[in-house]
Amino acid sequence: MEKFKWPNKYKSAVIFTFDVDGCAEQQLYEGNTLGHNSAGDYRPKIAVPRILNILDRHGLKATFIIPAWVAQRFPQRVKEIHNRGHEIGAHGYLHENFSTLSESEEREIHNKSGKIIADMIGTPPKAFRTPGGPLTTRTMKMLLENGYDCDSSSVKNYFPSRVKLEGKEVDMAEIPFSWLTDDFPYFWGGYEDKPGPPSFMPISAPKDVLEYWMAEFDGIHEIGGLFVYLNHPRAIGRISRLRVLDKLIHHIKATPSVWITNLREVVNWVLRE
Amino acid sequence: MGAKGIVKKGSEMKFRWPNGAECAVSLSFEYDAESVEWGYSRNIEGAFDIGGFSPQFGVPRVLELLNKHDVKGTFFVPGWDAERYPDSIKEIAEAGHEIAAHGYTHENFSELTPRKEKDVLEKAHKILTDITGIPPRGFRAAAYGRPISAKTLSFCRDMDYIYDSSFMDDDEPYQVKIDGKFVNMIEIPWAWPLNDISFMSPPFSSGMSLVLPQRKPQWVLELWKEEFDGLYEEVGFFNLVIHPRDMGRVSRMPILEGLVSYMKRYNVWFTTYSQVADLCLKQLVER
Ligand SMILES: [Zn+2]
Ligand SMILES: [Zn+2]
């Protein structure tokens, strides 16, 4: 297996990202964020402040990926995230599946959502994670045109890399995540948000999930990879589960030679020189 | 100081509970007899008759447990079930528990026309009022995973309901806004991990083709204790959703018994939904 070289002789690296999807999909597909469709609001409303406190306590900076429609619904929250030193990444306007849209529709969404976030925090987003559906070459090109330097939609690697587009290296870093270190498969519960046949996700006990995450972190550290913690505040935001996140951070901090950093630092490292 | 000597953050506790209680605990029970299957499939025979377990075994066991612990619960009762089991509903109300609205045949309110929706709410309201002599004061939407309509909350308000319990966007009660304006109504939100259906729903329950892993009773009890610990220490509100058709099984009732006994060891206020809503509304006025 290839080795990835980290700065300062660090053996592995860890970053934290939070997808604050809000009720974007409920709005997009059903135009209704009421009743059982309101669960997404738990993230910006209840979970984000709690997460910000945990990050502060541990002296960590994270990246919050937010559909622009959700940002418009909770502008103070977005400003608070930004003012406390965290990065805001783009995630479509209403968590769209870009592969189902025309080129001009997609372009308009990137333009619109980038501008909404820029107007809110004073700087345009540079990181992107595709909301629904696959990431296409078309999307990658538009991101480059719009000044993005980071995509975090791939799940096939333990190492970050420079993106190759049609055979040529471009100024874009790929920061791969993993479903295993996502809270979604363990804590989502309830029916799937999207229209279609109702499906239900089993709910795990918080203390069991800590074991999955610690095992995966230990393994990634062993091979010198990048541990990307991807979190949906709706699922992780409950007190019982945030305590697991807290324990995971303690475990990571107790491991020697880990670069506990943030997405921006890793992007800069990948794109250096 | 909260449980286990952890200082409560305070900032998250927006309401003060009576007698200095650290946490309000509301236990809710969805009566959900055959109305659920009737609403979905017009079939309550064979394995679709599972709703009948609720009035026959589930509810009596729950009542026995609540009585033993001297705790009052809130029962959300579909009108169609109330018509079929009036004596059971009367018994619940006479034991001092609260009867609240839950549609007529466990409808998905987002699919009804406003006119039909109003009819359903008013019809169910009248049925419950006629049986118990006490008009319901709150509503919870049925049909999991489906939203309510843009009209539901105003219709409920028109009927003088003081609470709704259909939202999932908070850990504690908050004041409801309709068309951007605060109204005299409290939202009492619920969450999947505190809903028994997440851990013990039978396959094909309600004709919705749910197939969920069954969890061991002790496992569920431990998870709920963990949830309670966190909410007790940092939020001050714990809201449980129980379906007597699922929880009422002999092997599962000990979960509820274990949880209630556990919570009683702490400084909690066991309360019905309307008591919480009344108190919250009163404190909002005083502010
Ligand atoms: Zn997302
Ligand atoms: Zn129900």
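Look up a bit, the structure's there.
Since the structure is predicted, the reported quantities are computational estimates derived from the model, not experimental observations.

Quick notes on the coordination of the zinc ion (ligand 1)
Residue and element names in this part refer to chain A. Donor atoms from the polypeptide that bind the zinc ion (ligand 1) are Asp21 (OD), Asp21 (OD), His91 (NE2) and His95 (NE2), placed at 2.1 to 2.5 Å. Of note is the zinc ion (ligand 1), whose four donor atoms meet at the metal with angles of 54 to 136° in an arrangement that counts as irregular. Written as a sequence motif, the donor arrangement for the zinc ion (ligand 1) is D-x69-H-x3-H. Pair noted here: aspartate 21 is in the loop between β1 (12-19) and α1 (24-30) and histidine 95 is in the loop between β3 (87-90) and α5 (103-121), with a separation of 74 residues, a long-range link. Across the pair, histidine 95 and aspartate 21 agree in class, each one buried.

Some thoughts on the coordination of the zinc ion (ligand 2)
Residue and element names in this part refer to chain B. Around the zinc ion (ligand 2), the protein contributes the donor atoms Glu30 (OE), Asp32 (OD), His102 (NE2) and His106 (NE2), which lie 2.1 to 2.2 Å from the metal centre. Its relative accessible area of 1% is what places glutamate 30 among the buried residues. Judged by relative accessible area, aspartate 32 falls into the buried class, the value being 2%.

Some words on the interface of chain A and chain B
Interface extent is often summarised as the accessible area lost during association of the parts. Listed as interface residues are 33 residues of chain A and, on the opposing side, 42 residues of chain B. For the chain A and chain B pair, buried surface summed over both sides reaches about 3100 Å², with 55% attributable to carbon and sulfur atoms. Notably, a salt bridge pairs A:Arg243 with B:Glu234, separated by 3.0 Å at the nearest N-O pair. The interface formed by chain A and chain B includes 16 residue pairs in polar contact (both at pLDDT 80 or more). Among the elements of the structure, α2 (42-58), α8 (206-223) and α10 (239-253) of chain A are those that each provide at least two residues to the side of chain A that touches chain B.

Considering the packing of α8(A) against α10(A)
All names here are of chain A. Packing of α8 against α10 leaves a shortest axis separation of 9 Å and a crossing angle of 30°. Looking at the two axes, α8 sits roughly parallel to α10. Crossing of α8 over α10 shows right-handed handedness. Contacts between α8 and α10 involve Pro206, Lys207, Leu210, Trp213, Met214, Phe217 and Asp218 from the first element and Ser240, Arg241, Val244, Lys247, Leu248, His251 and Ile252 from the second. Here the residues of the contact of α8 with α10 are counted per class, giving eight nonpolar, two polar and four charged.

Definitions and limits used
Residues numbered from 1 in each chain as written. Chains lettered and ligands numbered in written order. Predicted model: local features only at pLDDT ≥ 70, side-chain atom pairs only at ≥ 80, totals over all residues. Heavy atoms only, no water. Donors = N, O, S within 2.8 Å, 3.2 Å for Na, K, Ca; no water. Tetrahedral: all angles 85-135°; square planar, octahedral: opposite > 155°, others 65-115°. Helix = DSSP H or I, 4+ residues; strand = E, 2+ residues; numbered from the N terminus. Buried < 20%, exposed > 50% of the residue type's maximum accessible area, 1.4 Å probe, protein only. Contact = heavy atoms within 4.5 Å. Buried area = accessible area lost by both parts, 1.4 Å probe. Salt bridge = Lys/Arg side-chain N within 4 Å of Asp/Glu carboxyl O. Polar contact = N/O pair within 3.5 Å; in protein donor to acceptor, adjacent residues only side chain to side chain. Axes fitted to C-alpha atoms, helices over the stretch in contact; angles between N-to-C directions. Parallel < 35°, antiparallel > 145°, perpendicular 65-115°, else oblique. Left-handed = near helix turned anticlockwise from the far one by under 90°. Nonpolar A, V, L, I, M, F, W, Y, C, P; charged D, E, K, R; others polar.

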